[in-house]
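Fold and contact review
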Amino acid sequence: MKQSRTKGVAGLAAGLLAAVLGMPVDAASTMQEEADFPSRPITFVVPRSPGGGSDTITRLMAPGLEKRLGQSILVENKPDTAAVIGAIDVAKSRADGYRLYVSDNSFYQNPAVLPKLPYDTIKDFSGVTMLAQGPVVLLVHPSVPASNVQELIALAKEKPGGLTYSSGGIGSSTHLVGVLLNLEAGTNIVHVPYKSSSEALNALAGGHVDIQFGGLSSAAQLIASGRVKALAVTGEQRDPALPDVPTLRESGLKESDVMSVWGIHAPAGTPLAHRQKLRDAIVDALKEPQIAKRLTDMGYTMLGNTPQEHQQQTEEMVRLWLDLSKQVKLSD
């Protein structure tokens, strides 16, 4: 009954607006809907399993978004190795801002890795904001006889195809760091993709693979307990959480430096006003001291650019990986 009454009031408001402004009722209804946004729960589609970076950031910011937007925030996990299923879902959704895609590196790199995507990364999505970035950590199982990157490279050259590395999926940053390392170091470390970074990390901890390029936040406890060894991190400088671990650049690998990134995308055509309101609420929620500290401690750097900047950034990143694919085979 309450929902019916609300719709009736909204309809009456739209009718009055149309009468005053002399416009069609449909146009007035659209204006009223935009003014009321959001008026129902918002769903974030996460293309990874629970526990990965995309899932962690989304669930941490959800309570703050609910408080700021006055609506429930739902998190829907749709994992697959290339993060395509969730993207298809959102691309086909109504362009109203109520169903959003939590993008990671795969989203920007898939056009170069998977040429026959069932959607257009640029034309079928509108940017909301680039949420965060974080370093990728080069991890090895304790049984691997290497204490630094150069020893690992030497070992890989002794056994071409004999070492394996896991990643959070085809096209992810944790996959492509391995591609670039093989290219730069002249090695042949075999890629083993999983549906999420957490599954890839578990495979390493269990000794099913030798190496993983993983996220700092998810690997921290395993590093501390000695179940995995950290040999290097990506980024321009060492991470405060691992001050004794050198960067890949310090280890002599300047071309393999890839950071993990996470963003929010809406279906193409979603009103800018909706996307701007979402972006402002997201940035505000992530600035809450308790949340900001927790994310920083986990190795994330918050970004939060505008919808227009994020859209331009998306186009630039897609072009960057497409250009690289002309030089290097990025797919397996």
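Notes on the structure in this doc start here. (Residues numbered from 1 in each chain as written. Predicted model: local features only at pLDDT ≥ 70, side-chain atom pairs only at ≥ 80, totals over all residues. Heavy atoms only, no water.)

1. Thoughts on the nonpolar core
Core analysis: the largest hydrophobic core is formed by 32 residues, its most contacted members being Leu 138, Val 149, Leu 152, Ile 211, Phe 213 and Leu 330. Looking at this core, the elements that each hand over two or more residues are α5 (105-113), β5 (136-140), α6 (149-158), α7 (173-185), β8 (211-215), β9 (229-233) and α12 (307-325). No other element matches α7, which puts six residues into this core. Setting aside anything within four residues of it in sequence, one finds Leu 330 in contact with Ala 112, Val 113, His 175, Leu 176, Val 179, Trp 321, Leu 324 and Ser 325. Of all hydrophobic cores here, the second largest spans 29 residues; its members include Ile 57, Met 61, Leu 131 and Leu 295. (Core = buried A, V, L, I, M, F, W, Y, C linked by side-chain atoms within 4.5 Å. Buried < 20%, exposed > 50% of the residue type's maximum accessible area, 1.4 Å probe, protein only. Helix = DSSP H or I, 4+ residues; strand = E, 2+ residues; numbered from the N terminus. Contact = heavy atoms within 4.5 Å.)

2. Some remarks on the side chain of Thr 58
Tracing the sequence through the fold places Thr 58 in helix α3 (residues 53-69). One polar contact links the side chain of Thr 58 to the main-chain carbonyl oxygen of Ser 54, over a distance of 2.7 Å. With sequence-adjacent residues up to four places away left out, Thr 58 is seen in contact with Phe 44, Val 46, Val 75 and Val 102. (Polar contact = N/O pair within 3.5 Å; in protein donor to acceptor, adjacent residues only side chain to side chain.)

3. Digging into the packing of α3 against helix α10 (residues 272-286)
Orientation of α3 relative to α10, taken along the N-to-C sense of each, is 125°, at an axis distance of 8 Å. In terms of their interaxial angle, α3 and α10 are classed as oblique. For the element pair α3 and α10, the recorded crossing hand is right-handed. Residues Met 61, Gly 64, Leu 65, Arg 68 and Leu 69 of α3 pack against Lys 277, Leu 278, Ala 281, Ile 282, Asp 284, Ala 285 and Leu 286 of α10. Broken down by class, the residue content of the contact of α3 with α10 amounts to eight nonpolar, one polar and three charged. (Axes fitted to C-alpha atoms, helices over the stretch in contact; angles between N-to-C directions. Parallel < 35°, antiparallel > 145°, perpendicular 65-115°, else oblique. Left-handed = near helix turned anticlockwise from the far one by under 90°. Nonpolar A, V, L, I, M, F, W, Y, C, P; charged D, E, K, R; others polar.)

4. Concerning the packing of aromatic side chains
With the rule as written, the count across this model stands at eight aromatic pairs. Pairing Phe 107 with Tyr 108 gives two aromatic rings, centres 5.4 Å apart and planes at 90°, and the pair type is edge-to-face. Summarising the burial analysis for this pair, Phe 107 and Tyr 108 share the class buried. The interplanar angle of 90° and the centroid separation of 5.0 Å between the aromatic rings of Phe 107 and Phe 125 together place this pair among those described as edge-to-face. Highlighted residues: Phe 107 in helix α5 and Phe 125 in strand β4 (residues 125-134), separated in sequence by 18 residues. Through a chain of ring-to-ring contacts, three or more aromatic side chains come together here, namely Tyr 101, Phe 107, Tyr 108, Tyr 119 and Phe 125. Here Arg 40 stacks its cationic end above the ring of Tyr 98, 3.7 Å away from the centre of that ring. (Phe/Tyr/Trp six-rings, centres within 6.5 Å; stacked < 30°, edge-to-face > 60°. Lys NZ or Arg CZ within 6 Å of the ring centre and 35° of its normal.)

5. Considerations on the pairing of strand β10 (residues 260-267)
With eight of its eight residues buried, β10 lies for the most part within the structure. Across eight bridges, β4 lies against β10 in antiparallel orientation. Each residue of the ladder has a partner; that of Phe 125, found in β10, is Pro 267. (Pairing = 2+ DSSP bridges.)

6. Quick word on the pattern of salt bridges
Evaluation of the coordinates by the stated rule reveals 16 salt bridges. Arg 48 is the partner of Asp 104 in a salt bridge, and the nearest nitrogen-oxygen pair spans 2.7 Å. On the criterion of sequence distance, the pair formed by Asp 104 in the loop between β3 (99-103) and α5 and Arg 48 in the loop between β1 (42-46) and α3 is long-range, its members being 56 residues apart. Asp 89 is the partner of Lys 78 in a salt bridge, and the nearest nitrogen-oxygen pair spans 3.7 Å. On the criterion of sequence distance, the pair formed by Lys 78 in the loop between β2 (73-77) and α4 (85-91) and Asp 89 in helix α4 is long-range, its members being 11 residues apart. Residue classification places Lys 78 among the partly exposed positions, given a relative accessible area of 23%. Under the relative-accessibility criterion, Asp 89 is labelled partly exposed at 21%. One continuous salt-bridge network, built from bridges that share partners, spans Lys 67, Arg 68, Asp 284 and Glu 288. (Salt bridge = Lys/Arg side-chain N within 4 Å of Asp/Glu carboxyl O.)

7. Some points on the sheet that holds β3
The pairing of strands in a sheet comes from backbone hydrogen bonds and takes either a parallel or an antiparallel form. Spatially, the six strands line up as an open sheet ordered β2-β1-β3-β10-β4-β11, and their pairing is mixed. The sheet terminates laterally at β2 and β11 (301-302), the two strands that pair on one side only. With two bridges joining them, β4 and β11 adopt antiparallel strand pairing. Looking across to β11, one finds that Ala 132 is bridged to Met 302. The sheet strands contacting α5 are β3, β4 and β10, and the helix crosses β10 at an angle near 80°.

8. With respect to the sheet that holds strand β7 (residues 190-193)
Spatially, β7-β6-β8-β5-β9 is the arrangement adopted by the five strands of the open sheet, whose pairing is mixed. At either margin of the open sheet sits one strand with a lone partner, and together these are β7 and β9. In this sheet, adjacent strand axes meet at a mean angle of 30° when their direction is disregarded. Seen against the sheet, helix α8 (residues 197-205) touches β5, β6 (164-167) and β8 and runs at an angle of roughly 140° to β8.

Read these as geometric descriptors, not functional statements.
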